[in-house]
Every structure is written in structure tokens, then in C-alpha cells.
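The chain contents come next:
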Amino acid sequence: GIILCCLASDSKVMTCAAVWRMPKELESGSHESPDDSSSNTQTLELLCHLDNTAHGNMACVMWEPMGDGKKIISLADNNILLWDLQESSAKAMLSSSAALEGKGQLKFTSGRWSPHHNCTQIATANDTTVRGWDIRSMRQIYCIENAHGQLVRDLDFNPNKQYYLASCGDDCKVKFWDTRNVTEPVKTLEEHSHWVWNVRYNHSHDQLILTGSSDSRVILSNMVSISSEPFGHMVDDDELSDQEDQHQEEKVKEPLQDSVIATYEEHEDSVYAVEWSSADPWLFASLSYDGRLVINRVPRALKYHILL
């Protein structure tokens, strides 16, 4: 029932971050449903602001992926800030920080907190560069210079493979990296014709990749070759006859091919947000500048192919 967001400040022309509480009747798991016929607008309760007056505009805020929901990372201009939420989320204390140093006016554009390595690593994007950080020491642990030909818009970690990271940007490309060797991407997708705003791994089936772009399209890809199950479903040997066994062995030796599963064109303007449902692995939403929220499902044939 607690929400974290970036917002425009009332007093200054800058973006800040705040923590809010949802009304009790709207919280997940509540059996009370608000009356649809009622015109009363439900309002969020402001718990606290993240004080960034000394650090600049907030570009991104992130909850710790695992844990008790008391740690927050925010990116403000060229600063990484680690916050601790106090009891009842009424106050946020800055516990550590790091600054990105170099020539020019360096600014972070996006970031992602890794669910691996005991949640001690984050990845950030600034201009065309992707960097990895250890938040225990607030030091850089890897750097992918010129990860994209133009601005990097978004990042996401593979939920099942701890060293795999996806990035997307204004060069119309989606790239997949192994952070142990960042000289070349493991794979590159070039299906969009304009800026790629978002890339998201499916939380349960890491071969399913969702991307949204300024070409007004949402693309669902099956990147099975770099997933945690690159050879598809493995059948138990005891269940096979000799002939089936031989046929299965031949089949298993060949990895399944990566492919675009579906292209969704319900939007009339740039798609700037895509997200998988946290409750249903086959459900996803996209949001566009046309003011439209569209909810779609993974095609049934692909769902059963993955499950069976």
C-alpha cells in the first residue's frame, strides 16, 4: 500500500520524489471495494519527501527488490542517493551517496536495482553509458561506454540469470549484456523504428521480453537463446522410449530460435511505459502519450508452449 514516485515540485521548477500511502480500501488484499457509482475521489496520503535540494532533479527512484521495503535508491542529476525509510515511512534518512564525476554536465537518465547479489548492486544510465555500482562501497564495478549510439532510456535485469542486463535507447536498439564481459552485447534486437523507451523481462519466464517505443508499438519477443532455459523444456529420460529418446536428444542439442512473438499497434502515439503484471505472468500493460492504457495477454499458443 506504499507508493514511491517522482513528481514536479510546487515551489521550484524541479522534480523531486515522495512516498505516499494508498487509502486502506484500495490496498491489495482488501475485501472492501470502493463504490463505482460514487464520485468521491480517493486521495493518497503524503508520508514524506526525499529531500534532494542539495542534489538536483530526481530522474529515477527505485525500491530495494527484496527485503522489507525500507531502502530506496534515487538518482538526482549526477548523484546516487541511498535512503532508509524510518518507522511508518514518515521520514527518509540519507544513508550514503556517490557522485558521477567527469567532463561536462553528467546526468543520470535511468537506473535499475539488481535482484541478485543480495541486492548490493545497481545499474545506471547516463547519456550513452551504462554503469554498474556496488552500493555497499558506492563504487563503480563495471562500465559499458557507448552502450548505445544515442541516449540510453531504460535498463532491466534478468530475474533468473544474475549477470544478464538489458538496455534500450534512442538508437532504436535493445541490447543484452553479460556484465562479466561488457566489450560486446550478447544479443541485439533491432525491431523498432524509433526511440525505445522501455525494456522489461518477464518476472517468471525470462525468455519473454517486452519493449515500448516512440514508433507507437509494443513488441513481445522470445529471447530463448539467452534465457535460463535455452534448450526449452527438458523431458525426463524415464518417460521416453529408445526411439523417442534419440529423437529428443537430437532436438535438445539445437537451441530454440529467438523471434518476435507479436507486435501490438493499439496506440496512436509514443509508448513510454510497459510493465508486466506482478500477479499474472501472462498479462502486461502499456501506456502512451495518446492517454491510452492498454492491457494485453501473451498469446495462448506461446503460453502453452512454454508451460508444456
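Residue indices follow the written sequence of each chain, beginning from 1 at its first position. Totals for whole chains, interfaces and linings use all residues, but because this is a predicted model, local features are given only for residues with pLDDT of at least 70 and pairs of side-chain atoms are given and counted only at 80 or more. Side-chain measures were taken over the full set of non-hydrogen atoms in the model, leaving aside hydrogen atoms and water.

To keep it simple, the criterion reads: UniProt positions are given in the numbering used here, feature names are shortened, and annotations may be inferred rather than shown by experiment.
Under the annotation held in an unreviewed UniProt entry, the protein carries the name Protein TSSC1 and is attributed to Mesitornis unicolor. Its UniProt record gives the protein a comment under Sequence similarities (unreviewed entry), which states: "Belongs to the WD repeat EIPR1 family."

1. As for the UniProt feature "repeat: WD" (unreviewed entry) in the protein
For the record, the criterion: Each helix is a run of H or I in the DSSP string that is no shorter than four residues. Each strand is a run of E no shorter than two, and both are numbered from the N terminus.
Under the present numbering, the feature "repeat: WD" (unreviewed entry) in UniProt falls on residues 145-181. The span residues 145-181 is 0% helix and 46% strand, and its two end C-alpha atoms sit 13 Å from each other.

2. Structural notes on the environment of Val199
How we decide: Relative accessibility under 20% of the residue-type maximum defines a buried residue, over 50% an exposed one, and the middle range a partly exposed one, all with a 1.4 Å probe and only protein chains included. Residue contacts follow a heavy-atom distance rule, with two residues in contact if any of their heavy atoms lie within 4.5 Å.
Mapped onto the secondary structure, Val199 falls in strand 16 (residues 196-201). Under the relative-accessibility criterion, Val199 is labelled buried at 1%. Along the chain, Val199 and Leu210 lie eleven residues apart, while their C-alpha atoms are 5.7 Å from each other. Those residues in contact with Val199 that sit more than four places away from it in its chain are Asp154, Leu155, Asp156, Ala166, Ser167, Cys168, Val174, Ile209, Leu210 and Thr211.

3. Section: the sheet that holds strand 21 (residues 283-288)
For clarity, the threshold we go by: Pairing between strands requires that DSSP locate at least two bridges from one strand to the other. As a rule, the C-alpha atoms of each element are fitted with a line to give its axis, helices using only the stretch in contact, and angles between N-to-C directions run from 0 to 180 degrees.
Strand order in the open sheet made by the three strands is 20-21-22, with antiparallel pairing throughout. Two strands lie at the open edges of the sheet, namely strand 20 (271-276) and strand 22 (293-297), each paired on one side alone. Neighbouring strand axes in the sheet, compared pairwise and without regard to direction, differ in orientation by 20 degrees on average. Here strand 20 runs beside strand 21; their pairing, made up of five bridges, is antiparallel. Of the residues in strand 21, the one forming a bridge with Trp276 is Phe284.

4. Observations concerning unusual backbone geometry
You will see that His117, though not glycine, has its phi angle at about 55 degrees, which is positive. Look at His117 and you get partly exposed, because its relative accessible area is 23%. The phi torsion at Asp127 lies on the positive side, around 55 degrees, for a residue other than glycine. Considering the arrangement of structural elements, one finds Asp127 in the loop between strand 9 (121-126) and strand 10 (129-134). Exposure remark for Asp127: the relative accessible area of 47% places this residue in the partly exposed category.

5. Focus: the state of the cysteines
The condition that has to hold: By convention in this document, the label disulfide applies to cysteine sulfur atom pairs within 2.5 Å.
Summed over all chains, the structure comprises zero disulfides. Cysteine Cys6 is unpaired, with the sulfur of Cys60 as its nearest cysteine sulfur at 6.6 Å. Since its relative accessible area comes to 32%, Cys6 is described here as partly exposed. Between Cys16, a free cysteine, and Cys6, which holds the nearest cysteine sulfur, the sulfur-to-sulfur gap is 8.2 Å.

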